[in-house]
Amino acid sequence: MNAKNSRGVPRWLRILVPAILIAAWLAAGALGGPLFGRVNEVSSNDSTAYLPSSAEATQVQKQLTNFLGDDAIPAIIVVTNASGEQDSSGAKLNEQAVGQVQKLAQSLADDVPNVLASSPAIPSEDGKALQIFAQMDTASDIAADVEALSAHLASSLPEGLTAHVAGPAGFTADLSAAFAGIDGVLLLVALGAVLIILLVVYRSPILPLTVLMTSLFALCAALGTVWLLAREGIILLSGQTQGILFILVIGAATDYGLLYVSRYREELKHHEQKWDATKAALKGSFEPILASGGTVIAGLLCLLLSDLQSNRDLGPIAAIGIVFAMLAAFTLLPALLYAFGRTAYWPRKPAFDSTLSAEDEMPSKGLWRALPGLVSRRPRALWIGSVAILALATLGVFQLKADGVAQSELVLGSSQARDGQKILAEHFPGGSGNPVYVIAPQGELETVGTILEEHPGVAGVSVTATDSPAGSVPFAQGALVQQQGREAEPTVADGKVLIQATLNDTFDSDAAAKTVRELRTELAGTALVGGTTATAIDSNDASLHDRNLIIPIILAVILVILALLLRAIVARLLLIATTVLSFGAALGVSAVVFNHVFNFPGADPAVPLFSFVFLVALGIDYNIFLMTRVREEALHHGTHLGISRGLAITGGVITSAGLVLAATFAALSVIPILFLVQIAFIVAFGVLLDTFLVRTILVPALGYDIGRKIWWPSALASGKE
């Protein structure tokens, strides 16, 4: 290939354009960079906020503020003998200890910041535990407030007693503390993993830092955009979404960068002037990067069809991240590499050689020189063997438990709230502190209260009352319990009353969910049933609906994109089928590992959906990278040689990209949230499966066995075999 020169392009323009691009990205980084650590200002982890407006739990939540106010979240403090912490039998609390705890309960609002009010200590029937309800300010940092409350209790309780903070405030504090590592630990682990891989792959000090800088600036720009949209209330941002955004942008931007870096190296060998090499590299990498990014964006935007607001918002948020990843690969990285020129690849700088032939582009030795020959000799045996392995792994899907997990299991590792909830269940009704909220017309109070009271899953019923010091009064035998010689007056808002039912079972148990579903059936058309348990039920139901609706739509969308890209029906069906088979295998292996290695309690229904979105959309990327190069080579050398050349030339870069993406998603596991750890494992394992089996052996072997018919109905189908 003859070298082209850059005549006709003024030198000042060749300097000005890269300089403007670099300056623009520096400005974007200056705007987005300072927002790291401030995402909590515009985010929320309240699960009710993400439910569809039609959900019964959502309707109840909207009306709760009329009865309970909107500035408090309840914490449940359970006090026991320290000796009974490991022994569920415990020991009875003496009168002196009970009296001291009562005094402590009365002073919590005065002694602990952001504790708005607290109830008297309530003894358990067995006399071995005390329960205190504290209202905490939702406008402050719940994690810090719960920590301060725990510290105060530890220093103020009589010797021999111990306290745990549970309830909604306790579990919210656990989640907040777990997500606190996103801006720090997660980002450092992900960037560190990518840097190590790039250093090993390129053995160059400049190139890895250049690619990593591109990814980081893409993330800064994406974060700045998302932060502003969340601040204006256009989108809802959660810690979960933030973590996925970080990983997706770093992984995708690095992958696109690796593709461009590889192509730029090729073109520097064929062009003496780096401006010409830059133009040629952009031309060669533009289509696969655009198709890859477009596929991921299209898959993510299918989440807009979700019933859950959290899923609907993740779609455009993550899509914004992919857009900036592509923009950085098309602008910032080429500008930086143009500025460095061949020095970027030091100490193995690519030299210009006008005598290079097409054969010289092939690796001279190693795996990527040998593998195409193996594929060409035994294509049928290789693809049948690969399909058999993947199909066998897919059988593990039948072991996947993805019908929801208890809220107390969401945070991995130690949890004061989870420990406290277990102690509460041993001494008090399991649903203590997390009641079922029932909103009924005032005229139906006795009817609804009686139905609740008579249900075997309900331990007690109370009604919010205006003139009660405790805020509510018990409901018994069809009437409110009298206070001070007269029947208490219920709080009425818009002609409705709030009834609270304490369940016998722990609020996040299957038994509690069964009770709530039965109550909804009995009260249908009369009253609305909400609360923590009801929210979990509605979230799971919405997730199951989303999974069944969105997965087929994503497949259809990707089929259309591949049709436009490859213009070949057989090829696009092949790529979709192999990617779906790879997803099934990854999910099957993950199910076995979750159940028998990690001993996870189950999985959220959204885990398969999110895994599908990321694995199919991202997994198809590597097939796109491969097949666009195969088609390019097939135009000049025929299908069989085109497959061999495409596999050999792209082998190194695509493998590196797969390792980077797997490493970045694996970094999600440093956040001790069950959902994110499971997504991290499934996607990381699935990407490696795509990288080393599907794209390396299965797709090339199938293509080689089918031959030029793979391009039907395009003109290549009648070309050279």
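Since we're looking at a predicted model, the values are computed, not measured. (Residues numbered from 1 in each chain as written. Predicted model: local features only at pLDDT ≥ 70, side-chain atom pairs only at ≥ 80, totals over all residues. Heavy atoms only, no water.)

1. Structural notes on the overall build of the protein
- In terms of helices and strands, the protein carries 20 helices and 13 strands.
- Burial status across the protein gives 55% buried among its 721 residues.
- Within the protein, counting contacts between residues at least 6 apart in sequence, those at least 24 apart form 80% of the total.
- Taken as two groups, the 44 positive and 59 negative side-chain charges of the protein have centres that lie 23 Å from each other. (Helix = DSSP H or I, 4+ residues; strand = E, 2+ residues; numbered from the N terminus. Buried < 20%, exposed > 50% of the residue type's maximum accessible area, 1.4 Å probe, protein only. Contact = heavy atoms within 4.5 Å. Lys, Arg positive; Asp, Glu negative; His and termini not counted. Charge placed at Lys NZ, Arg CZ, Asp CG, Glu CD.)

2. Quick notes on the pairing of strand S7 (residues 458-464)
- Most of S7 is tucked away, with five of its seven residues classed as buried.
- Pairing between S7 and strand S8 (residues 472-476): three bridges, direction antiparallel. Residue pairing in the sheet places valine 463 in a bridge with valine 473 of S8. (Pairing = 2+ DSSP bridges.)

3. Considerations on the packing of aromatic side chains
- Under the counting rule described, the total for this entry stands at 15 aromatic pairs.
- Between phenylalanine 36 and phenylalanine 246, the ring centres sit 5.6 Å apart and the planes meet at 65°, which makes this aromatic pair edge-to-face. In this pair, phenylalanine 36 sits in the loop between helix H1 (11-32) and helix H2 (56-68) while phenylalanine 246 sits in helix H8 (residues 239-270), placing the two residues 210 residues apart along the sequence.
- What makes phenylalanine 246 buried here is its relative accessible area of 1%.
- Ring centres 4.9 Å apart and planes at 35° place the aromatic pair phenylalanine 286 and phenylalanine 330 in the tilted group. Of this pair, phenylalanine 286 sits in helix H9 (residues 274-301) while phenylalanine 330 is found in helix H10 (residues 309-340), placing the two residues 44 residues apart along the sequence.
- By way of ring pairs, the aromatic residues Phe594, Phe598, Phe600, Phe681 and Phe685 are connected into one cluster.
- The ring of tyrosine 338 carries lysine 274 above its face, with NZ or CZ at 4.7 Å from the centroid. (Phe/Tyr/Trp six-rings, centres within 6.5 Å; stacked < 30°, edge-to-face > 60°. Lys NZ or Arg CZ within 6 Å of the ring centre and 35° of its normal.)

4. Some thoughts on the confidence of the model for the protein
- Per-residue pLDDT for the protein averages 85, and the proportion of residues at 70 or more is 92%.
- At the low end of the mean pLDDT range in the protein sits strand S10 (residues 482-483), at 53; at the high end sits helix H12 (residues 379-394), at 95.
- In this model residues 84-88 is a low-confidence stretch, pLDDT under 50, and it forms five contacts with partners more than four residues away in sequence or in other chains. (pLDDT = per-residue confidence, 0-100.)

5. Some details on the nonpolar core
- Among the nonpolar cores identified, the biggest contains 154 residues, and Tyr256, Leu337, Phe610, Phe614, Met627, Phe665 and Ile673 are the most heavily contacted of them.
- In terms of residue count, the dominant contributor to this core is helix H18 (residues 606-637) (19 residues). (Core = buried A, V, L, I, M, F, W, Y, C linked by side-chain atoms within 4.5 Å.)

6. Looking at the pattern of salt bridges
- Scanning all chains against the criterion turns up 12 salt bridges.
- Of the charged contacts in the structure, one is a salt bridge between aspartate 541 and arginine 517, with a shortest N-O distance of 3.1 Å. Separated by 24 residues along the polypeptide, aspartate 541 in helix H16 (residues 532-566) and arginine 517 in helix H15 (residues 510-523) bring together distant segments of the chain.
- Linked through salt bridges whose partners overlap, the residues forming this network are Glu266, Arg629, Glu633 and Arg645. (Salt bridge = Lys/Arg side-chain N within 4 Å of Asp/Glu carboxyl O.)

7. Focus: a nonpolar patch on the surface
- Where nonpolar side chains cluster on the molecular surface, the patch consists of Trp12, Leu16 and Ile20 and spans about 330 Å² of accessible area.
- With respect to the secondary-structure elements, leucine 16 resides in helix H1.
- Given the relative accessible area of 38%, leucine 16 is considered partly exposed. (Patch = residues over 30% accessible without salt bridge, like charges linked within 9 Å, V, L, I, M, F, W, Y side chains within 5 Å. Areas by Shrake-Rupley, 256 points an atom, 1.4 Å probe, with all protein chains shown as cover.)

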